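Below are the chains, spelled out letter by letter.
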Amino acid sequence: MREEVRVYTTGESCIRCKLTKKALTAKGIEFVEVDVTLAENAAAHAYITDELGYTEAPVVVVDDEDHWSGFRPDHIDRLAAHH
């Protein structure tokens, strides 16, 4: 079973978040979106900032070893090649 891809976003105003979600969808990669600006997602925000060390959205997490920040078509293409 493969890991569930998670995309941590900062809401509808985030252009890089929109581009990332659109590119993942276009490549047929299913993902779960987590809006870290919502109060109920405070733990998710702490995870991407404190544990992973990212300061910009989106943050895409494939698994514990495979994650990145920002709009990265190169990583999306790599991920699509392995799915």
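This text follows the structure it describes.
Remember, it's a predicted structure, so these values are computed and weren't measured experimentally.

**Q** Can you break down the nonpolar core residue by residue, with the values?
**A** Val-5, Val-7, Ala-23, Leu-24, Ile-29, Val-60, Val-62, Trp-68, Ile-76 and Leu-79 form the largest nonpolar core, which has ten residues in total. Of all the secondary-structure elements, those providing two or more residues to this core are strand E1 (5-9), helix H1 (15-26) and helix H3 (73-82). Residues Tyr-8, Tyr-54, Val-59 and Val-61 belong to the second largest nonpolar core, which totals eight residues.

**Q** Break down H1 for me, citing the residues and quoting the values.
**A** The first and last C-alpha atoms of H1 sit 16 Å apart over twelve residues, in line with the 16 Å expected at 1.5 Å per residue. Considered for burial, the residues of H1 that qualify are Cys-17, Thr-20, Lys-21, Ala-23 and Leu-24. The buried residues of H1 occupy an angular sector of 165° when the element is viewed end-on, so they sit on one face. Those residues of H1 that are exposed and aimed more than 90 degrees away from the buried face are Ile-15, Lys-22, Thr-25 and Ala-26. Summarising the contacts, the buried residues of H1 are in contact with E1, strand E2 (31-35), strand E3 (59-61) and H3. Just beyond H1, the residue with positive phi is Gly-28, at close to 80°.

What counts and what doesn't
Numbering of residues begins from 1 in every chain and follows the order in which that chain's sequence is written. Under the rules for a predicted model, residues below a pLDDT of 70 receive no local features and side-chain atom pairs below 80 are neither given nor counted, while totals for whole chains, interfaces and linings still include all residues. The basis for every side-chain value is the complete set of non-hydrogen atoms in the structure, without hydrogens or water. The term nonpolar core refers to a set of buried residues drawn from Ala, Val, Leu, Ile, Met, Phe, Trp, Tyr and Cys, joined through side-chain atoms within 4.5 Å. Summary of the burial criterion: residues with accessible area below 20% of their type's maximum are buried, those above 50% are exposed, and those between are partly exposed, where the area comes from a 1.4 Å probe applied to protein chains only. In DSSP terms, a helix is any run of H or I states spanning at least four residues, a strand is any run of E spanning at least two, and both are numbered starting from the N terminus. A helix is expected to reach a length of 1.5 Å times the quantity of its residues less one. Picture the helix axis, draw a direction to every C-beta atom, and the arc is the one those directions span. For this analysis, residues touch if any pair of their heavy atoms sits within 4.5 Å.

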